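Each chain, letter by letter, is given below.
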Amino acid sequence: MTRLPILKMVLAVIVFGTVQSVILLQFNWFGDEASTAAKPIDTLLDVTIIISSFIFAIVCVALGYALIKWRAKPGDESDGLPIHGNTRLEIIWTIIPVIIVLGLAGYSWAVLDDIEKTDSNALHINAYAQQFAWTFGYPEDGNKWSEGELHVPVDRQVIFDLQAQDVIHSFWVPEWRIKKDAVPGLETEVIVTPDKEGTYSLICAELCGLGHTTMRATVVVESEAKYKAWLNKQTTQVPEDILKTTNQYEADQLKKEEQSGGIEGSGVIEQ
Amino acid sequence: MESASIAAHGHVDDHHHGPPEAHQSARIDRTILGILLFILSEVMLFGAFFAAYFFLRVVADPASWPPEGIELPVLIAGINTCILVSSSFTIHYALEAIKHNNHRGLKLGLTTTWLLGATFLFIQINEYIHIGFTPRDGAFGSIFFSLTGLHGAHVFVGLLLLTFANIRAYRGHFGPEQKDHLGVEVPGIYWHFVDIMWIIVFLAVYII
Amino acid sequence: MAAAIRQPGWYRGAIGLVLGAAFGFCLVVGLRLLSGLDAFQTEQTGYPQVIVPLITAPFGFLFGFGAFDYWFRWAAGKPTIPEDHSGHGATKWQDYFKFNTDHKVIGTQYVVTTLFFFLIGGLLALLMRAELAQPGTQIVAANTFNGLFSTHAVVMIFLFIIPVFAGLANYVLPLMIGAPDMAFPRLNALSFWLLPIAGIIFLGSFLAPGGSFDAGWTGYAPLSTGAPLGQTFFNIGVQFAGASSIATALNFLVTIITMRAPGMNLWRMPLLVWANLSTSLLVVGATPFVAGAQFMVFFDRILGMNFFNFLEGGDVISYQHIFWFYSHPAVYIMMLPGFGIISEIISTHARKPVFGYRLMALALIGIVVLSYSVWAHHMFVAGMFSWLRVPIMITTMLIAVPTGIKVFSWLGTLFYGKIHTYSTAMLFALAFIITFTVGGISGVMLGMIPIDIHVSDTYFVVAHIHFVLFGGSVFTIFAGIYHWFPKMTGRMYDERLGRIHFWGTLVGTWMTFIPMHWIGMDGMPRRVADYASQYGDWNLLISVSAFVLGAVQLVFLYNMIVSWRFGPKAGPNPWRANSIEWQVSSPPPVFNFDEIPRVVGGPYEYGTPGARHAIMGGEGEGAEVPETKPSTVTVPS
Ligand code: HEA
Ligand code: HEA
Ligand code: CUA
Ligand SMILES: [Cu+2]
């Protein structure tokens, strides 16, 4: 019996994995980057792609090698070697994946913390989702409202407070890499710092019924001055449909807070 | 093989010997293990509703629980609890009786258990009628009626099983060997489960 | 005629169906009229006059069909009919349409029925791909499209993947452990007959006013609580399918625990048995949660309860927690039996013991335990408790470890083997390893929160789903069907056609589902009927490949049907396998064995001269056969 040519296989894995990683990294998988969260997430993805390429290479090389080496000749009725296992090997292929996986988890955690850090001067914008449209409220800049179009200043952190009026929707701007569901009866938030001016699409990413496919809004990232100018032109009139469900919810919230002692500012619709 | 003649119309020829006896590879009886596993899945079904209970009460954090104006009849439910708990003892008595080949005791135990269970169900339905709110009244109404109703449905199924056991007991079935009184033991296990589940439901819904 | 009506069977079943439906209908209408309401209620979340018959009619059918005859006699304390085994075994094709209690007949019934649903589910997918071939609206409107992917997924999951595994195991598992049948044959038959009922309910929803259910297979509240009538069909169908799988799981567990042949201790069970043991534990523990979730939606819809109505104190997210507490374990319910199949096939065709047998079994148990702790990875962006995300991420990613053990051990089994690749079963098994690894790795990527935040609810997830479900589960199912086809039918299939099917499926799968990764990452959301034109070319490629993939399945169908009838006789053990099911004739005798076999060694002792797994009854009469000791050879290095 020949010794296992481990070296040959390792070499094959290295070549296969490297080639695959290099090819895969040529592509800009996630598309354009337009927020500060995009860079760390994309790097995380690249690292993951490299590691995955090598894992995939190991599996392919091992399978291919075995097939080439130990494929039975036609008519060969004999059996293989009665090997039942090898404790050392089994320990190795338990421990190494544990290490890889925990490493990646730790890295992901760090990235998560990084992209969810909040600034004290963050701009708060309310985003209301309902079948099948988006409405935005700007409580910090004179209670302005806009429908179907969102404007934000560049290079300043924005925190979107999401509210759903009927069913679950999801707030997603692919170039920002950030997604969060808007859930009826719950306030969720999206933290993002846009760092590139331009026009993007806000996509509803959670199935919400007939019009889910077309539930989009335009996102404009622009300089602070332009943003202010645009905002001045917007209305202070609260859009009708929003009031309906929200008020009811608000009333409940208020009652709850009254009963539990302190009343806090509702923060949802300042009027 | 010789199977052909057996399959078609229940025609049994002389060579027929049926399937070989299966090897018994665990000490536990199949039916008992079956009912225990079934109870495990029932526990998980209750678990789903208790999860909902947790979300509605703790996570959604309503202003008061139960909502203002709702007074649960704890006393009556408490009495009802005692009734159901005592029925666990009577069914145990019935099982012990038949293990000692005491058919009178078996019948007595089974009948009492059945009556106690039916009383429980009757009081529960009565409570529903007079409780003053409906399943439509807020999340509390939903979870109250779902948990107690789910349990009530289990009592009903338990009663059905007990009915069968009663019929068979009065027809003189059952004997001291385990295989001869599985028809009492299995409904008994189920009944104990229904009983314990009630205590948990009672504590969750009425007490805490 | 009168006799035919009293006999359990189709006549009585049809009458029961009609009576059951009439009973439900009259009950509703009668009660409504009595309480002074309109006879019919046609709010879209209402329709009690349709829903109650939908529940009572199947029971009527089952009563009539004879599912409960035995139990009724027993319950009434009447002497039960002495067992004449008339409901056992099949000698003519009509026997497959009876309430048959033979596990082999039931297994065949399962596999054939579920393959039929596979074609239906596939057909729905092809309709979807036709719509998605180009941007813009092609053949269906948006609401129909939502119905298509919802029914596609539900049919595939609840009526194909989960039950087909139950069917294959039904056939081979009792044989493998040396049992004459399953522990509860009547319950087993009932489990099967619940399936077509569930199928008819799911597909019947297309006839409901408002169309089929269309809130996705996940049926998130509150979209589902306000949806048209079809959604209720989903709620009810899931109960039937769920009851069927719980009953089967219970049956498997009891059979495996109490009915193993003498000598078959835990460490001598074939890995397929281990796999079904673990799967059944998942089913018994988790399936009640999906039943619970659908009950709650049902109550919200029909009784006006408020589980998920936030205006009345309901909690929207709780639906997802409860649903995923089932549906994550469900993905392993859809994979573990496949792992078992692969272990059998690889070891047989590589002529080697499974590498690291004990660790393989423990890995299965590890997956079972872990899979109860990862449900919330479907909710990273759902607005749930943010503290729960990181712990869930860690457990999710850790599942890669036991799964990796399995992958590496299969590879280890190949080393120093004598690998035969003439069988299509083995080809699918080998391809499975590669394809599943891709799907598993994309799963780990989804488990990493920052990546998931971006790609959740995109085609990247769709790609993951299909790589694990098609490249994973379906490949193992094909492998299993090819492997046990000779056992089940007594005939060989055509390997040449098998090979065409294999290569077509392999290439088709990759061509269809690989590009989905890319368009997903680039920003194409899932569950949309239309998309930005920049994804047009890729989608066209996907659609064309999907049609090729679909067409290739017709080769499979042809091969199976024709070979079943005209294939050459297979003989008892065409693969020279060791496990017990191969030691009996093909197809096996009605009662499996004349005498229960005796197990004397591990199931995979290939390569050890003279080693035996089991001694069949009547063999070596009286002579003491020595217990086989596994020879211990370690990897030469
Ligand atoms: C057969 C079914 C199946 C299987 C086996 C899996 C396996 C896995 N799945 Fe998947 N999953 C689904 C079916 C399945 N999934 C479905 C249907 C959905 C979508 C539901 C919906 O929303 O409609 C989904 C969605 C889904 C999500 C949610 C995505 C989202 O909606 O945002 C996530 C996130 O964590 C996930 C993760 C995983 C992981 C980590 C595994 C792991 O078990 C994979 C483990 C395997 C490997 C990793 C490969 C082999 C291992 C090695 C070779 C060892 C070395 C590897 C490493 C060190 C990494 N899955
Ligand atoms: C086991 C599960 C399984 C299987 C096998 C498949 C198989 C396929 N799936 Fe499916 N799919 C899911 C499970 C599965 N899918 C799930 C869980 C979802 C998520 C749903 C949701 O979002 O809620 C999904 C969603 C889904 C989508 C995304 C929809 C969306 O988000 O908008 C798409 C899109 O392309 C798709 C395509 C396909 C294709 C092309 C196949 C192909 O493999 C099909 C191959 C074709 C055939 C097998 C047909 C052969 C038949 C004939 C040629 C006709 C003969 C007919 C008769 C005789 C009746 N699937
Ligand atoms: Cu709103 Cu999808
Ligand atoms: Cu999952």
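All of these numbers come straight from a predicted model, not from anything done at the bench.

Attention now goes to the domain arrangement of chain C. Residue and element names in this part refer to chain C. For chain C, the domain assignment lists domain 1 (2-75) and domain 2 (93-566). Its C-alpha centre places domain 1 at a distance of 32 Å from the equivalent point of domain 2. Contact residues are listed per partner, giving 19 residues for domain 1 and 23 residues for domain 2. Interface of domain 1 and domain 2: buried area, both sides summed, is about 1800 Å²; carbon and sulfur atoms make up 80% of it. Area buried by domain 1 at its contact with domain 2 is led by Gln44, Thr45 and Leu54, which between them contribute 29% of it. Across the contact surface, domain 1 and domain 2 share one residue pair in polar contact (both at pLDDT 80 or more). At the level of secondary structure, the elements contributing two or more residues to the side of domain 1 that touches domain 2 comprise α3 (48-65) and α4 (69-75). Broken down by element, the residue count for the side of domain 1 that touches domain 2 peaks at nine residues, all from α3. Counted by class, the side of domain 1 that touches domain 2 contains 15 nonpolar, four polar and no charged residues.

Residue and element names in this part refer to chain C. Distances from the iron atom of ligand 2 to its protein donors, namely His152 (NE2) and His466 (NE2), fall within the range 1.9 to 2.0 Å. Between the six donor atoms coordinating the iron atom of ligand 2, the angles at the centre fall across 87 to 178°, so the site counts as octahedral. Here His152, found in helix α6 (residues 142-176), pairs with His466, found in helix α17 (residues 459-489); they are 314 residues apart in sequence, far enough to count as distant. Both residues of the pair, His152 and His466, count as buried.

Residues in close proximity to ligand 1 total 32 residues, the closest being Tyr332, Asp452, Ser456, His464 and Arg526 of chain C. With respect to ligand 1, its neighbouring residues span chains A and C. In this structure, an oxygen atom belonging to ligand 1 sits 3.5 Å away from a main-chain N or O atom of Leu446 of chain C. Here an oxygen atom of ligand 1 sits 2.6 Å away from a polar atom, N or O, in the side chain of Asp452 of chain C. Split by residue class, the shell around ligand 1 holds 19 nonpolar, eleven polar and two charged.

Turning our eyes to something else, we now look at the site of ligand 2. Residues and elements named next belong to chain C. Near ligand 2, the surroundings consist of 32 residues, among which Arg129, His152, His466, Arg526 and Arg527 are the closest. The side chain of His466 places a nitrogen or oxygen atom 2.7 Å from a nitrogen atom of ligand 2. Separating an oxygen atom of ligand 2 from a side-chain N or O atom of Arg527 is a distance of 2.7 Å. For the shell around ligand 2, the elements supplying multiple residues, two or more each, are α5 (103-132), α6, α17, α18 (495-522) and α19 (536-566). Among the residues forming the shell around ligand 2, the class breakdown is 23 nonpolar, six polar and three charged.

Let us look at the pairing of strand β4 (residues 149-153) of chain A. Residue and element names in this part refer to chain A. Of all five residues that make up β4, four are buried, and the element is covered over most of its length. Sheet topology places β4 next to strand β10 (residues 216-222); five bridges connect them, and they run parallel. Bridged to Glu149 within β10 is Thr218.

Across the boundary between the two partners, chain C contributes 56 residues, which contact 54 residues of chain B. Taken over both partners, the interface formed by chain C and chain B buries close to 4600 Å², and the fraction arising from carbon and sulfur atoms is 72%. The tally of links between chain C and chain B comes to nine residue pairs in polar contact (both at pLDDT 80 or more). If you list the elements that add at least two residues to the side of chain C that touches chain B, you get α4, α8 (230-258), α9 (271-302) and α10 (316-333) of chain C. With ten residues, α9 of chain C is the single largest residue contributor to the side of chain C that touches chain B. Looking at the side of chain C that touches chain B residue by residue, the class counts come to 34 nonpolar, 14 polar and eight charged.

Thresholds applied
- Residues numbered from 1 in each chain as written.
- Chains lettered and ligands numbered in written order.
- Predicted model: local features only at pLDDT ≥ 70, side-chain atom pairs only at ≥ 80, totals over all residues.
- Heavy atoms only, no water.
- Domains from an automatic or database assignment.
- Contact = heavy atoms within 4.5 Å.
- Buried area = accessible area lost by both parts, 1.4 Å probe.
- Polar contact = N/O pair within 3.5 Å; in protein donor to acceptor, adjacent residues only side chain to side chain.
- Helix = DSSP H or I, 4+ residues; strand = E, 2+ residues; numbered from the N terminus.
- Nonpolar A, V, L, I, M, F, W, Y, C, P; charged D, E, K, R; others polar.
- Donors = N, O, S within 2.8 Å, 3.2 Å for Na, K, Ca; no water.
- Tetrahedral: all angles 85-135°; square planar, octahedral: opposite > 155°, others 65-115°.
- Buried < 20%, exposed > 50% of the residue type's maximum accessible area, 1.4 Å probe, protein only.
- Near = heavy atom within 4 Å.
- Pairing = 2+ DSSP bridges.

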